[in-house]
Amino acid sequence: MNLPPLPLAEGIVALLLLFSGGVVLVAALGLARLRDFFLRMHAPALASTLAAWAVTLASVLHFSSRGEGLALHVWLIIIVLSITAPVTTLVLARAALFRRRQAGEVLPPPLLGHRATPPPSSAPSPTSGRGLG
Amino acid sequence: MSPWLSWAITATLVLYFGAMGVAAWRLFRGPAAQDRVLALDFIYVVGMLAMLVLAIRYDSEMYFEGALLMALFGFVSSMALAKFLLRGEVIE
């Protein structure tokens, strides 16, 4: 059987899609405008969580409103993203920490409001970013 | 498909490609290599979302497999690049 598409479902799908477009644009602007890598690292998480959830809900709603039963397979995208996105971010953060420590920076930076003090006698060892597993 | 859902899909795709353009700016300019890897990973995710939106646009579920493959290959390539930045080699 083929039900005609529900106008309410289409409205919700359209709203969810526009919302995800706005969220992705905000994430891209954060990627471009934030001033440090460790700040920029947080911006793409917006796209892989909030926008991906909105698009997935829109897709499930759209393919379920055709009268052929629930279409839940798009949830696989959410499952894959929620497994892979933190791993990528973590490994990339460790790579950035390792590379910038090898370049001679003192990371993590001192807390706000404290004077930047020289590091204690032992300089941060260049291999301390290597502890991945 | 009502015309305003079609309009919303077009607007969403325009927003996505604007975001991809901004990320491509970061990809080409990025001061360090890890910025470029981050921007590439972001472009992968946005391309995958665009694939899902096209699935709604053309009312076809064939795009879903493509989106899943893009998610997986984006993860593998970002992981390989990050491991390369971390160790200097991909497979130990």
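Residues numbered from 1 in each chain as written. Chains lettered and ligands numbered in written order. Predicted model: local features only at pLDDT ≥ 70, side-chain atom pairs only at ≥ 80, totals over all residues. Heavy atoms only, no water.

Peer 1: Give a description of the overall build of chain B that names residues and reports values.
Peer 2: The helix and strand inventory of chain B stands at three helices and zero strands. N-terminal to C-terminal, the α/β element order of chain B is α-α-α. Across the 92 residues that make up chain B, the buried fraction comes to 45%. In chain B, 45% of the contacts between residues at least 6 apart in sequence involve partners at least 24 apart. Counting 6 positive and 7 negative side-chain charges, chain B places the centres of these two groups 13 Å from one another. (Helix = DSSP H or I, 4+ residues; strand = E, 2+ residues; numbered from the N terminus. Buried < 20%, exposed > 50% of the residue type's maximum accessible area, 1.4 Å probe, protein only. Contact = heavy atoms within 4.5 Å. Lys, Arg positive; Asp, Glu negative; His and termini not counted. Charge placed at Lys NZ, Arg CZ, Asp CG, Glu CD.)

Peer 1: Now, about the interface of chain A and chain B: what can you tell me, with residues and values included?
Peer 2: In this complex, chain A contributes 53 residues to the contact, which on the side of chain B involves 50 residues. Summed over both sides, the interface between chain A and chain B buries roughly 4,400 Å², with carbon and sulfur atoms accounting for 77% of that surface. Sorting the residues of chain A by area buried against chain B places Leu31(A), Ile77(A) and Leu92(A) first, and these three jointly supply 12% of that buried surface. One can count one salt bridge joining chain A with chain B. With a shortest N-O distance of 2.8 Å, Asp35(B) and Arg40(A) are connected by a salt bridge. Every element with two or more residues in the side of chain A that touches chain B is listed here: α1 (7–33), α2 (37–40), α3 (43–64) and α4 (75–102) of chain A. The biggest single contributor to the side of chain A that touches chain B is α1(A), with 18 residues. (Buried area = accessible area lost by both parts, 1.4 Å probe. Salt bridge = Lys/Arg side-chain N within 4 Å of Asp/Glu carboxyl O.)

Peer 1: Provide a residue-level description of the side chain of Thr56(A), including the pertinent values.
Peer 2: Tracing the backbone through its elements, the reader meets Thr56(A) in helix α3. Apart from residues no more than four positions distant in its own chain, Thr56(A) is found in contact with Val74(A), Trp75(A) and Ile78(A).

Peer 1: Kindly report on the packing of aromatic side chains, identifying the contributing residues and their values.
Peer 2: Residues and elements named next belong to chain B. Scanning the entire structure with this criterion turns up three aromatic pairs over all chains. Taken together, a centroid distance of 6.2 Å and an interplanar angle of 15° make the contact between tyrosine 58 and tyrosine 63 stacked. Taking the ring centre of tyrosine 58 as reference, the NZ or CZ of arginine 57 above it sits at 5.2 Å. (Phe/Tyr/Trp six-rings, centres within 6.5 Å; stacked < 30°, edge-to-face > 60°. Lys NZ or Arg CZ within 6 Å of the ring centre and 35° of its normal.)

Peer 1: Any details on empty space enclosed by the protein? Residues and values, ideally.
Peer 2: Applying the stated rule across the entire model yields one cavity of 30 Å³ or more. A volume near 30 Å³ is recorded for the largest cavity. In terms of lining residues, the largest cavity is bounded by Ser59(A), Phe63(A), His73(A), Val74(A), Leu52(B), Ala55(B), Ser60(B), Glu61(B) and Phe64(B). Within the residue set of the lining of the largest cavity, elements represented by two or more residues are α3 of chain A together with α2 (33–57) of chain B. Looking at the lining of the largest cavity residue by residue, the class counts come to five nonpolar, three polar and one charged. (1 Å grid on protein atoms, 1.4 Å probe; cavity = no way out; pocket = protein on both sides within 12 Å on 5 of 7 lines; lining within 4 Å. Points joined across faces, edges and corners; volume = space filled by probe spheres on them. Nonpolar A, V, L, I, M, F, W, Y, C, P; charged D, E, K, R; others polar.)

Peer 1: Help me get a handle on unusual backbone geometry, residues and values and all.
Peer 2: Excluding glycine, residues mostly have negative phi values, and the peptide bonds linking residues are mostly trans. In this structure, Asp59(B) is a non-glycine residue whose phi angle is positive, near 55°. Here Asp59(B) lies in the loop between α2 and α3 (62–87).

Peer 1: A description of the layout of surface pockets should follow, citing residues and the corresponding values.
Peer 2: Here the largest pocket is characterised by a volume of approximately 360 Å³. Lining the largest pocket are 24 residues; nearest its centre among them are Ser48(A), Ala85(A), Pro86(A), Thr89(A) and Asp41(B). Among the elements that take part in the lining of the largest pocket, α4(A) stands out by supplying eight residues, more than any other. Looking at the lining of the largest pocket, its residues break down into 15 nonpolar, eight polar and one charged.

Peer 1: Before we move on, could you go through the environment of Pro7(A) and cite the residues and values that matter?
Peer 2: Residue and element names in this part refer to chain A. Relative to the helices and strands, proline 7 resides in helix α1. A relative accessible area of 59% places proline 7 in the exposed class. Note: C-alpha distance between proline 7 and leucine 72 (65 residues apart in sequence) is 21 Å.

Peer 1: So what about the pattern of salt bridges? Which residues, and what values?
Peer 2: Residue and element names in this part refer to chain A. Under the definition given, this model contains three salt bridges over all chains. Its salt-bridge partner being arginine 100, residue aspartate 36 comes within 3.3 Å of it at the nearest N-O pair. With aspartate 36 in the loop between α1 and α2 and arginine 100 in helix α4, this pair connects stretches of sequence that are 64 residues apart. On the basis of relative accessibility, which here comes to 25%, the residue aspartate 36 falls in the partly exposed class. Using a relative accessible area of 14% as the deciding quantity, one classes arginine 100 as buried. When the shortest N-O distance is used, the salt bridge between arginine 100 and glutamate 105 registers 3.2 Å. The structure contains a network of salt bridges with shared partners spanning Asp36, Arg100 and Glu105.

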